[in-house]
Amino acid sequence: MSDAHPPIAVPLPAALPAPAPGWSIDADVVVVGSGIAGLTAALRCAATGLRTVIVTKARLDDGSTRWAQGGIAAALGEGDTPAQHRDDTLVAGAGLCDEAAVEALVTEGPRAVRRLIALGARFDEDPEGRIALTREGGHHRRRIAHAGGDATGAEISRALVAAVRAAGIDTVENALALDLLKDADGRAAGVTLHVMGEGRHDGVGAVRAPAVVLATGGMGQVFSATTNPAVSTGDGVALALRAGAEVSDLEFVQFHPTVLFLGADAKGQQPLISEAVRGEGAHLVDAGGTRFMRGRHELAELAPRDIVARAITRRMREQDVSHMYLDARHFGADEWERRFPTILAACRAHGIDPVREPIPVAPAAHYASGGVRTDLAGHTTVPGLYACGETACTGVHGANRLASNSLLEGLVFAERIAAAIADDAPASAPAASAPAPASGPGLLPPEARATIQRVMTAGAGVLRSSASLAEAAVALDALASDVDRKPAEPGAEAWETANLHLVARVLTAVASLRPETRGSHWREDHPERDDAHWRRHLVVTLRPTPEGSALAVRTTDTTAFPATARRPRGERAVRDQP
């Protein structure tokens, strides 16, 4: 039996305060998000004849996918195998990967990438016309396919957006999803959303559909400095929590080791220096030119990201400095311009020339390995609600994502979701009821966003302790308690702030309950990994109370996730993809 922890009372509303929907669209499937996971799910669902609607917060191509530089990992090269890819993934995941999910990823990955190519994505090729492959941290083989040198995400986004438009899939842009609609049996029946002043809809409306796919990306904006775009405010995880779905592994936030350092006070999205730069031979050095990764790991600069981030942070603390350096001057101008034109341009835009000087770098929030808990077909614990991409926790990443597995996970599990929806969807959409009226505190003012980010960076960033996490939790709860005096008016910025506040509070709670260091969760007061007690997952649900909400937390028995409400994990055989 899994272990339950005492409920944690939190002053959080169980639904977002919002006007009733003033318009609606009917569909078979609504996909929330337009990155690789959302667009792939929408295309596959539409191809089966399902009426599909995409809801996206900005424009179709404004999600996290287009910012991905390094590439997509799959066993495509000569001599490489899914088993080798699996082994590297399991090592990076620090003992917490769900092995069945990893097996699905690595075995189905190569065919999924080839289907992406058939759809129109153009990857870089070697002189013999084969897909050019590189290495990144944690990979023992060259298996990272890239496009435009370091513009892989932009190319994948371009190809998928073009395919969506060619398919004529109905799309609602500039729309923030608010809460889940449910039928009388508690099954998903659509979403409420707010269109932000552009397009053929405006204000709060609804898309009514018996299948809802959450693919809203990550929650990097919960920290002051991140590689994530401004839209990454944890909306999907927050929506799922308010709907009663389980989330897992939120304590495992990966900080990318090499983000362009723009100063100690820099905030918001920061330029990423792709791991592929180290894959091609760049060296991490301190101000004196010493390569400090040597002797720390067999792969040196290509160790898994959590190890590199820790090593950089330790070196910074030892020398009382705010950043390290990435030295790739030996590439030369031609190699920089051919292989990493996007990074080169970003560095030069900030007054740094990598051809002539080392690049100042420091860790910044990058990827959420946890999210809405799913089974192998993308079912969450709320019937009719599915999740994929960074919003989901499939169990693939464990405690630390292997570099470039994120695009592959979005691709593979989106295809699995589409197959499941085709089998699961009822013949007609049941009547939906609006979310229950919000109880507890009102909305935080939008300016609280900066406070949340500051609190989380100080208390739950790369370095954590019982004391820092407790201080963060108290500060977050105090923010909500202050709302009673003057709650903010409903609106997109206030709703985003509410989502950030919710995911921040859950993250601090589960990070406090995991007294060990594992993967991207680094506890200074518990520096060792504790496999005997903590090689398992923390699972959270949000329960409404008269005062607000309570977090119900339990631990799983093993690294494998228990079944969702839909059916036992792995029971159904997802149809083979053509």
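Source: prediction; values computed, not measured. (Residues numbered from 1 in each chain as written. Predicted model: local features only at pLDDT ≥ 70, side-chain atom pairs only at ≥ 80, totals over all residues. Heavy atoms only, no water.)

**Regarding the overall build of the protein**
Helix and strand counts for the protein stand at 14 helices and 25 strands. Expected size for 578 residues packed as a compact globule is a radius of gyration near 25 Å; at 22 Å, the protein falls within 12% of this value. For the protein, the spread of C-alpha atoms along the three principal axes comes to 65 × 50 × 50 Å. Classification of the 578 residues of the protein by burial places 63% in the buried group. Here the protein has roughly 20,500 Å² of accessible surface; of this, 51% comes from carbon and sulfur atoms. (Helix = DSSP H or I, 4+ residues; strand = E, 2+ residues; numbered from the N terminus. Rg over C-alpha atoms; globule rule 2.2 N^0.38 Å. Buried < 20%, exposed > 50% of the residue type's maximum accessible area, 1.4 Å probe, protein only. Areas by Shrake-Rupley, 256 points an atom, 1.4 Å probe, with all protein chains shown as cover.)

**Considerations on the packing of helix α8 (residues 332–339) against helix α9 (residues 341–349)**
At a minimum axis distance of 5 Å, the contact between α8 and α9 shows a crossing angle of 110 degrees. Viewed along their axes, α8 and α9 adopt a mutual orientation that is roughly perpendicular. Of the residues in α9, those touching α8 at W336, E337, R338 and R339 are P341, I343, L344 and R348. For the contact of α8 with α9, the class distribution of residues is 4 nonpolar, no polar and 4 charged. (Axes fitted to C-alpha atoms, helices over the stretch in contact; angles between N-to-C directions. Parallel < 35°, antiparallel > 145°, perpendicular 65-115°, else oblique. Contact = heavy atoms within 4.5 Å. Nonpolar A, V, L, I, M, F, W, Y, C, P; charged D, E, K, R; others polar.)

**Some details on the sheet that holds strand β4 (residues 29–32)**
Strand order in the open sheet formed by 5 strands is β9-β5-β4-β13-β22, and the pairing between neighbours is parallel. Across the chains shown, the open sheet's two edge strands, defined by having one partner strand only, are β9 (170–172) and β22 (385–387). Strand-to-strand twist in this sheet, taken as the mean axis angle between neighbours without regard to direction, amounts to 20 degrees. Examined bridge by bridge, β4 and strand β13 (residues 211–214) share 4 bridges and lie parallel to one another. Bridging from a neighbouring strand, V31 pairs with V213 of β13. (Pairing = 2+ DSSP bridges.)

**Regarding the pairing of strand β12 (residues 203–208)**
Burial within β12 is extensive, with 5 of its 6 residues counted as buried. With 6 bridges joining them, strand β11 (residues 188–195) and β12 adopt antiparallel strand pairing. Bridging across to β12, L193 finds its partner in G205.

**Some points on the environment of H350**
Relative to the helices and strands, H350 resides in the loop between α9 and β20 (359–368). Ignoring sequence-local partners within four residues, the contact set of H350 consists of L260, L262 and P271.

**Details of helix α1 (residues 36–47)**
A rise of 1.5 Å per residue sets the reference length of α1, with its 12 residues, at 16 Å; its end C-alpha atoms lie 16 Å apart and thus fit the reference within 8%. Counting buried positions along α1 gives 9 out of 12 residues, so the element sits mostly inside the fold. Of the surrounding elements, those touching the buried residues of α1 are β4, β5 (52–55), α3 (99–119), α4 (152–167), β13 and α10 (405–424). A positive backbone phi angle near 95 degrees is found at G49, which sits one or two residues after α1. (Expected span 1.5 Å × (residues − 1).)

**Structural notes on the pattern of salt bridges**
Taken as a whole and assessed by the stated rule, the structure comprises 37 salt bridges. When the shortest N-O distance is used, the salt bridge between R86 and D87 registers 3.3 Å. With a relative accessible area of 25%, R86 lands in the partly exposed category. Salt-bridge contacts for R315 lead to D286; the nearest nitrogen and oxygen are separated by 2.9 Å. Here D286 lies in the loop between β18 (283–285) and α7 (305–319) and R315 lies in helix α7, a separation of 29 residues in the sequence. R315 sits in the buried class, given a relative accessible area of 15%. In this structure, a network of salt bridges that share partners links the residues E251, R514, E516, R518, R529 and D531. (Salt bridge = Lys/Arg side-chain N within 4 Å of Asp/Glu carboxyl O.)

**With respect to the nonpolar core**
Across soluble globular proteins, you tend to see nonpolar side chains buried next to one another. By size, the foremost hydrophobic cluster in this structure holds 69 residues, and its most contacted members are L180, L193, L385, I452 and M456. Per-element tally for this core: the top contributor is helix α13 (residues 492–513), with 9 residues. Residues in contact with I452, not counting those within four places in the same chain, are V222, L444, L476, L479, T497, L500, H501 and A504. Residues C45, A74, V161 and A418 belong to the second largest nonpolar core, which totals 55 residues. (Core = buried A, V, L, I, M, F, W, Y, C linked by side-chain atoms within 4.5 Å.)

**Describing the pairing of strand β16 (residues 253–260)**
Regular strands have side chains that alternate between both faces of the sheet. For β16, a buried count of 8 out of 8 residues is recorded, marking the element as mostly surrounded by other parts of the structure. Alignment of β16 against β20, held across 6 bridges, turns out to be antiparallel. Across the sheet, the residue bridging to H256 is A364, located in β20.

**Structural notes on the packing of aromatic side chains**
Enumeration according to the criterion identifies 4 aromatic pairs in this entry. Arranged with centres 5.6 Å apart and planes meeting at 45 degrees, the rings of F331 and W336 form a pair that is tilted. Take F331 and W336: they sit in the same class, and that class is buried. In this structure an aromatic cluster arises from ring pairing among F331, W336 and F340. Lying across the ring of Y367, R401 places its NZ or CZ 4.2 Å from the centre. (Phe/Tyr/Trp six-rings, centres within 6.5 Å; stacked < 30°, edge-to-face > 60°. Lys NZ or Arg CZ within 6 Å of the ring centre and 35° of its normal.)

**Structural notes on the side chain of T233**
Residue position: T233 is located in the loop between β14 (225–226) and α5 (235–242). A polar atom in the side chain of T233 sits 2.7 Å from the side chain of K57. If sequence neighbours within four positions are ignored, T233 has contacts with K57, G218, M219, Q221, R449, E496, N499 and L500. (Polar contact = N/O pair within 3.5 Å; in protein donor to acceptor, adjacent residues only side chain to side chain.)

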